[in-house]
Amino acid sequence: MTRIPPFPHDEQVAGPTASQSVKRRPKAAIVLKRLGMGLVSTVLSAVAYYFAARYGLALLAQPDGVAVFWPASGIAVGALLVFGTASFAPIGSGVAIGTIAANIVAGRPPELAIPFAFANMLECLIVAGLAEWLLGPNLRFDTLRKFIGIFFAAAVGAAAGAVIGASTIAMLGKAEGSFLAHWHQWLRSDLIGIIAITPLVLGIRALASRQISVRAHVEGLLLITLVSAAAAATHPDTFIRQGIEVTLPISVLFPLLLLLAIRHPLTYSQIGASMVAIILVACIVSERKIATDFDIMWAQLSIVSMVACSLSLAALIAERNAGEVRRQLLVRELDHRVKNGLTLVQAVVDRSREHASSIDDFCDKLAGRIHSMARTHTMLSREKWQGIELGQLIATELASYQEINSKAFVGPRVLLTPALAQSLSLVVHELSTNAIKHGSLARPEGRVHVAWIIEPVHENPDGIETLVIEWQEFGLPFVGKIGPAGFGTSTIRDLLKYEAEASVDLHFPPDGARCTIRLPMAPLRLTTT
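Parameters at a glance
Residues numbered from 1 in each chain as written. Predicted model: local features only at pLDDT ≥ 70, side-chain atom pairs only at ≥ 80, totals over all residues. Heavy atoms only, no water. Helix = DSSP H or I, 4+ residues; strand = E, 2+ residues; numbered from the N terminus. Buried < 20%, exposed > 50% of the residue type's maximum accessible area, 1.4 Å probe, protein only. Contact = heavy atoms within 4.5 Å. Pairing = 2+ DSSP bridges. Axes fitted to C-alpha atoms, helices over the stretch in contact; angles between N-to-C directions. pLDDT = per-residue confidence, 0-100.

### Things to note about the side chain of Thr99
With respect to the element layout, Thr99 can be found in helix H4 (residues 88-105). Under the relative-accessibility criterion, Thr99 is labelled buried at 0%. In this view, Thr99 contacts Tyr49, Ala113, Phe116, Ala117 and Asn120; residues no more than four positions away in its chain are not counted.

### Remarks on the sheet that holds strand S5 (residues 466-474)
Taken in spatial order, the 5 strands make up an open sheet running S2-S4-S5-S7-S6, and their pairing is mixed. The open sheet terminates on both sides in strands that have one partner only, identified here as strand S2 (409-410) and strand S6 (503-507). Sheet topology places strand S4 (residues 447-455) next to S5; 9 bridges connect them, and they run antiparallel. Within S5, the residue paired with Val450 across the bridge is Trp471. Sitting on the sheet, helix H15 (residues 418-438) is in contact with S4, S5, S6 and strand S7 (514-520), with an inclination near 15° to S5. In the packing of helix H16 (residues 487-500) onto the sheet, the strands contacted are S6 and S7, and the crossing angle to S6 comes to about 170°.

### Overview of the confidence of the model for the chain
This prediction gives the chain a mean pLDDT of 78; 81% of its residues lie at or above 70. Confidence, read as mean pLDDT per element, is least for helix H1 (residues 8-11) in the chain (38) and greatest for helix H5 (residues 110-135) (91). Throughout residues 1-24 the model reports pLDDT below 50, and contacts reaching past four residues in sequence, or to other chains, amount to 12 contacts. In the model, residues 236-248 has pLDDT below 50 throughout and makes 25 contacts with residues more than four positions away in sequence or in other chains.

Structure (structure tokens):
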């Protein structure tokens, strides 16, 4: 953050007071910025909630005076899910302010408006908080589990808010009806608002965050236009009827909603479902003076079932598409690994043949190297190709040649990537083979000690964090000679240089072979566990 220079008169002030005031300025600026953003969020959410609440208050059911449809709850819950827990305080405050303003403008007394504000605020916070607690942040309708989780959170939050709202109406309101009737109507209207409008907000967020082609936008908008026209063309009196006629709009709209779910499961399908719900609510509004409470309840349940069916199908299709993408990635990854493995085997075979003194020597060396590769592959498969710990790799390679104890291998827990583990296992195998034939492991009293450390940045001349592996042989002097053209020596000295930009120092003092390997941590994505 850029520091604000002191005012001219501050430079004349001596002592700790001037310095403390300068230090406090950045923190004060951050606090003021956060307060300003919170205030803006509160104002915007209050304005949005006010107009949505005014629309909901125009759709009051008789005689209990509870709204038939409450879109404001869906807008607030969608905003809370989009902006996360940091927005709970400002948006919750905006919900309360918007509710009070809308109710007072509609002619309701403050003793009703204030409890209603608390009920609406508590409802939205419960829905968003429970959904994030169950499903995590950045929610989308991309799996059936998430859809069910959001539906469950909406039902719990709406039920909790309905308890406060219905209690207020029963104790302070003049509307007729029992507490249970008020609670049931409040629950239905708010649940419809959340289920119908929240997908619209999340769909718009998905459109803004995803890279979508112009062709896909045109197709999605065209399908939404067709769905909206089909819903608007449905006669209201057909929908507000009991019996089999109520299934006609669903049968007309379902193919278009299904096509939206197939083509655009995470974006336009959610927007289309919300648009249909809004249009069908207008059908309820046009007939609310002659429709009975049962007619309204039937229509509300039909809207919820239709939207839920559309969103659940979209979630299933999105989940299937994601599974297909994962399957394709796995196939490509498997193909890549198989090709790399075959290339490595071919190189090992060719180099082993070039430096073999006889057929038996060739078979022995090749079998040992392939067995080393197989052991590494088995360990990687066991760990689901997430990597191998360095200590585990070294202990596995040397387990057949010497007793494994805590003093033989010393170092922190370092997780190797799969590619590095395969290369390093071959290097350790060649070091072990040389130790068996020419070094300390040629006799029972010989020993190999392997230690590794993480060299911090300030101790490294290159200025990078480095993994340093030290291979030391004890117990017997090194005998024989490994020529520079030998496959084992070239593997030790050159493989990690090529694969991992490592530096390798291999030398043979009289008391036993020494090998120092230096691997940069960051480029290889090495991590300590």
